[in-house]
Amino acid sequence: MPSYNEVQTAVRVEKLKLWFAWIAGNVITFIVAGATQDIAIVSVITQVLLVVVFVTLTVALFRMTGALNRKADAARRGVLGGE
């Protein structure tokens, strides 16, 4: 059975991975939008996609973080003997 410290460490690492993926996805989207800014119609399309991707990634990040928090709370209760 994992200790309380192991549960905390695992949760911290998973949250760090989630935030890194969110940052990387947004940086890639900004790079693509910047590369196409001189092409008229493609620039408009990429700017719209930038907003859509940003919102989608942000919603996914917070939903996954919430799910991870719920699983971590259940694991902590199990480790500490709570209900």
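Here the structure is shown first, and the text comes after it.
Criteria and thresholds
Residues numbered from 1 in each chain as written. Predicted model: local features only at pLDDT ≥ 70, side-chain atom pairs only at ≥ 80, totals over all residues. Heavy atoms only, no water. Helix = DSSP H or I, 4+ residues; strand = E, 2+ residues; numbered from the N terminus. Rg over C-alpha atoms; globule rule 2.2 N^0.38 Å. Buried < 20%, exposed > 50% of the residue type's maximum accessible area, 1.4 Å probe, protein only. Contact = heavy atoms within 4.5 Å. Areas by Shrake-Rupley, 256 points an atom, 1.4 Å probe, with all protein chains shown as cover. Lys, Arg positive; Asp, Glu negative; His and termini not counted. Charge placed at Lys NZ, Arg CZ, Asp CG, Glu CD. Polar contact = N/O pair within 3.5 Å; in protein donor to acceptor, adjacent residues only side chain to side chain. Axes fitted to C-alpha atoms, helices over the stretch in contact; angles between N-to-C directions. Parallel < 35°, antiparallel > 145°, perpendicular 65-115°, else oblique. Nonpolar A, V, L, I, M, F, W, Y, C, P; charged D, E, K, R; others polar. Patch = residues over 30% accessible without salt bridge, like charges linked within 9 Å, V, L, I, M, F, W, Y side chains within 5 Å. Salt bridge = Lys/Arg side-chain N within 4 Å of Asp/Glu carboxyl O.

Asker: Account for the overall build of the protein chain, with residues named and values stated.
Answerer: Scanning the protein chain from terminus to terminus reveals two helices and zero strands. In summary, the protein chain has a C-alpha radius of gyration of 19 Å against a globular reference of 12 Å for 83 residues, an excess of more than 25%. Referenced to the eigenvectors of the C-alpha coordinate spread, the extents of the protein chain come out at roughly 60 × 20 × 10 Å. The burial tally for the protein chain puts 22% of its 83 residues in the buried class. A sequence separation of at least 24 residues applies to 76% of the contacts in the protein chain between residues at least 6 apart. Carbon together with sulfur atoms contributes 70% to the accessible area of the protein chain, which is approximately 6,100 Å² in total. Charged side chains in the protein chain number 8 positive and 5 negative. The centres of these two groups are separated by 4 Å.

Asker: Could you give an account of the environment of W22, naming the residues involved and the relevant values?
Answerer: You can see W22 is positioned in helix 1 (residues 4-35). Residues W22 and L61, spaced 39 residues apart in sequence, show a C-alpha to C-alpha distance of 6.9 Å.

Asker: Give me the side chain of T46: which residues, what numbers.
Answerer: Looking at the secondary structure, you find T46 in helix 2 (residues 40-80). At 2.9 Å, the side chain of T46 and the backbone oxygen of S43 are in polar contact. Non-local contacts of T46, meaning those with residues more than four positions away in its chain, are made with V32, A33 and T36.

Asker: Talk me through the packing of helix 1 against helix 2; I want residue IDs and the actual numbers.
Answerer: Where helix 1 meets helix 2, the axes come as close as 10 Å, and the angle between the chain directions of the two elements is 180°. Judged by the inter-axis angle, helix 1 sits roughly antiparallel to helix 2. Split into classes, the residues belonging to the contact of helix 1 with helix 2 amount to 21 nonpolar, eight polar and three charged.

Asker: Outline a nonpolar patch on the surface, supporting the account with residue identities and numerical values.
Answerer: A grouping of I39, I41, V42, V44, I45, V48, L49 and V52 is seen on the molecular surface, where their side chains present a nonpolar patch of about 680 Å² in accessible area. Tracing the backbone through its elements, the reader meets V42 in helix 2. Classification of V42 by relative accessible area gives partly exposed; the value is 31%.

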